[in-house]
Amino acid sequence: TEKIKYYQAAEKLAKKAIKINDNSADAHYLYAMALGRINENASSKQKIANAKLIKSQVDKAIAVNSKLAGAYHILGRWHRTIANFSSIEKAMINSFYGGVPAGGTHADAVKSFMTAIAIEPKFMMHQFELAQTYYDMGKKVEAKLWAEKALQNTPFCEDDFKAKKDCEELLKDLK
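Parameters and conventions
- Residues numbered from 1 in each chain as written.
- Predicted model: local features only at pLDDT ≥ 70, side-chain atom pairs only at ≥ 80, totals over all residues.
- Heavy atoms only, no water.
- Helix = DSSP H or I, 4+ residues; strand = E, 2+ residues; numbered from the N terminus.
- Rg over C-alpha atoms; globule rule 2.2 N^0.38 Å.
- Buried < 20%, exposed > 50% of the residue type's maximum accessible area, 1.4 Å probe, protein only.
- Salt bridge = Lys/Arg side-chain N within 4 Å of Asp/Glu carboxyl O.
- Core = buried A, V, L, I, M, F, W, Y, C linked by side-chain atoms within 4.5 Å.
- Contact = heavy atoms within 4.5 Å.
- Phe/Tyr/Trp six-rings, centres within 6.5 Å; stacked < 30°, edge-to-face > 60°.
- Lys NZ or Arg CZ within 6 Å of the ring centre and 35° of its normal.

Engineer: Before we go on, may I ask you to explain the overall build of the protein in this structure?
Structural biologist: Helix and strand content of the protein: 9 helices and 0 strands. When the elements of the protein are put in sequence order from the N terminus, they spell out α-α-α-α-α-α-α-α-α. Scaling as 2.2 N^0.38, a compact globule of 175 residues should have a C-alpha radius of gyration of about 16 Å, and the protein matches this with 16 Å. Principal axes of the C-alpha set define a box for the protein whose edges measure 45 × 35 × 35 Å.

See below:
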């Protein structure tokens, strides 16, 4: 509950930043990030409602700054989330929200995470998310390779420490 309040505050601040400067890649990126964090604890209905908005915000961020690795990371997670939606959730998106935006496949997620890794090769979270995507695709060899590759890096922030734990858990699941 406490984290959700912070994410909602971040959402409001990002919206204000966009009003001040609609050409700010960081503002659009942070808005997409706040919505993504809110969605981590949201109902399917809220996730679906936010899906198009997250995609449009991350697309705007990338259009303004194509070297913003975090935006590609969010885009990768967006594609993987849509790819992992159940057929019922996809039907809801098509019925109530005018259809799913283009993309939303595991292949698109892989491409996005690879771009994020190319920009920030030492950020473990990008590599873990790529490993997770391969795991979701049933590509266990690739999942193991990227989880192991991530663990070769030295964690340098809270996200990396979480990614390290997540990689270790994924490797246990792969055994």
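Engineer: How should I be thinking about the environment of Leu13 in this particular structure?
Structural biologist: Along the polypeptide, Leu13 turns up in helix α1 (residues 2-20). For Leu13, a relative accessible area of 56% gives the class exposed. Here the alpha-carbon distance between Leu13 and Ala27, two residues 14 residues apart in the chain, equals 8.7 Å.

Engineer: Whenever I open this one, the pattern of salt bridges confuses me. Can you help?
Structural biologist: When the charged atoms of two side chains lie near each other, side chains of opposite charge can form a pair. The full count for this structure, using the stated rule, is 10 salt bridges. Here Arg77 ties to Glu40 by a salt bridge, and the two come within 3.5 Å at their closest N and O atoms. Placement of Arg77 in helix α4 (residues 69-84) and of Glu40 in helix α2 (residues 25-40) is noted, with a sequence separation of 37 residues between them. With a shortest N-O distance of 2.7 Å, Lys55 and Asp59 are connected by a salt bridge. Placement of the pair is Lys55 and Asp59 together in helix α3 (residues 44-64), with a separation of 4 residues, close to one helical turn. With a relative accessible area of 33%, Asp59 lands in the partly exposed category.

Engineer: How do you make sense of the environment of Lys175 when you look at a structure like this?
Structural biologist: Positionally, Lys175 belongs in the segment after α9 (158-174). Along the backbone, Lys175 and Ala42 are 133 residues apart, and their C-alpha atoms lie at a distance of 31 Å.

Engineer: Which parts of the structure should I look at to understand the nonpolar core?
Structural biologist: General note: in soluble globular proteins, nonpolar side chains tend to be found buried as a group. With 24 residues, the main nonpolar core has Tyr29, Ile54, Val58, Ile62, Leu68, Ala71 and Ile74 as its most contacted residues. Counting residues per element, the ones that place at least two in this core are α1, α2, α3 and α4. Filtering out sequence-adjacent residues up to four positions away, Ile62 remains in contact with Ala71, Tyr72 and Leu75. Among the nonpolar cores identified, the runner-up in size contains 20 residues, and Ala109, Val110, Ala131 and Leu174 belong to it.

Engineer: Help me out: how do you make sense of the packing of aromatic side chains in this one?
Structural biologist: For any pair of aromatic rings, geometry is given as the distance between the ring centres together with the angle between the planes. Applying the stated criterion to the full structure yields 1 aromatic pair. For the ring pair Phe123 and Phe156, a centre distance of 6.0 Å and an interplane angle of 55° mean the geometry is tilted. Taken together, the residues span a long stretch of sequence, with Phe123 in the loop between α6 (106-119) and α7 (124-136) and Phe156 in the loop between α8 (140-151) and α9 at a distance of 33 residues. Judged by its relative accessible area of 13%, Phe123 is buried. Take Phe156: its relative accessible area is 55%, and that puts it in the exposed class. The ring of Trp78 carries the charged tip of Lys55 above its face, separated from the ring centre by 5.6 Å.

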